[in-house]
Amino acid sequence: MLTIGDLSRETGVKVPTIRYYEQMGLLSHAERSEGNQRRYSSEERDRLAFIRHARDLGLTIDAIRALIELSQHPERPCRDADRIAAEQLATVRRKIARLRKLEAELQRITSHSHSDQISDCYVIRALANHDLCTDDHD
């Protein structure tokens, strides 16, 4: 059995986050020792590693909850898990496209001729007047 500190060290998940995942129902509430310390099994460590990896990939708590539920039924088809991952991929692609627009706009406004004075600074003017932008990047 692992203490919450051991679990944190082994998975790289901070103690408050472990408690949060318990509150959210992603991890079962830990057994308690006689001294009232939380005790976790290797299965819970594996579940926490799964959650951390899913969070690293940007999956929401609801998506992780659904994937955990799916993992409880190994006989079920994989299409629901594939759908959840595909939705996250689409979200990531939208974010990347937005970041590329932001990158291009920042590149454009920083590449204008530079002035020694803020009163003639194109960056300041562009930030003050959205009409100077070449693309909508809201």
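Side note on the environment of Asp6
Item 1. Looking at the secondary structure, you find Asp6 in helix 1 (residues 4–11).
Item 2. Taking the C-alpha atoms as reference, Asp6 lies 9.1 Å from Tyr40; in sequence the two are 34 residues apart.
Item 3. A polar side-chain atom of Asp6 sits 2.8 Å from a polar atom in the side chain of Arg9.

Looking at the packing of helix 3 (residues 42–56) against helix 4 (residues 61–71)
Item 1. Where helix 3 contacts helix 4, the two axes come as close as 10 Å, and the packing angle between them is 140 degrees. Considering the angle they form, helix 3 stands oblique to helix 4. For the pair helix 3 and helix 4, the crossing hand works out as right-handed. Within the contact between the two elements, helix 3 uses Arg47, Phe50, Ile51, Ala54 and Arg55 and helix 4 uses Ile61, Ile64, Leu67 and Ile68.
Item 2. Taken together, the residues of the contact of helix 3 with helix 4 break down into seven nonpolar, no polar and two charged.

Observations regarding the pattern of salt bridges
Item 1. For the structure shown, the criterion picks out nine salt bridges.
Item 2. Between Arg45 and Glu10 there is a salt bridge, with its nearest N and O atoms 3.4 Å apart. You can see Arg45 sitting in helix 3 and its partner Glu10 sitting in helix 1, a full 35 residues away along the chain.
Item 3. Here Arg45 falls in the partly exposed class, since its relative accessible area comes to 25%.
Item 4. The exposure class of Glu10 is partly exposed, given its relative accessible area of 47%.
Item 5. Two residues, Arg65 and Asp62, come together in a salt bridge whose shortest N-O distance is 3.1 Å. Here Arg65 pairs with Asp62, and both are found in helix 4, just three residues apart, close to one helical turn.

The rules we used
- Residues numbered from 1 in each chain as written.
- Predicted model: local features only at pLDDT ≥ 70, side-chain atom pairs only at ≥ 80, totals over all residues.
- Heavy atoms only, no water.
- Helix = DSSP H or I, 4+ residues; strand = E, 2+ residues; numbered from the N terminus.
- Polar contact = N/O pair within 3.5 Å; in protein donor to acceptor, adjacent residues only side chain to side chain.
- Axes fitted to C-alpha atoms, helices over the stretch in contact; angles between N-to-C directions.
- Parallel < 35°, antiparallel > 145°, perpendicular 65-115°, else oblique.
- Left-handed = near helix turned anticlockwise from the far one by under 90°.
- Contact = heavy atoms within 4.5 Å.
- Nonpolar A, V, L, I, M, F, W, Y, C, P; charged D, E, K, R; others polar.
- Salt bridge = Lys/Arg side-chain N within 4 Å of Asp/Glu carboxyl O.
- Buried < 20%, exposed > 50% of the residue type's maximum accessible area, 1.4 Å probe, protein only.

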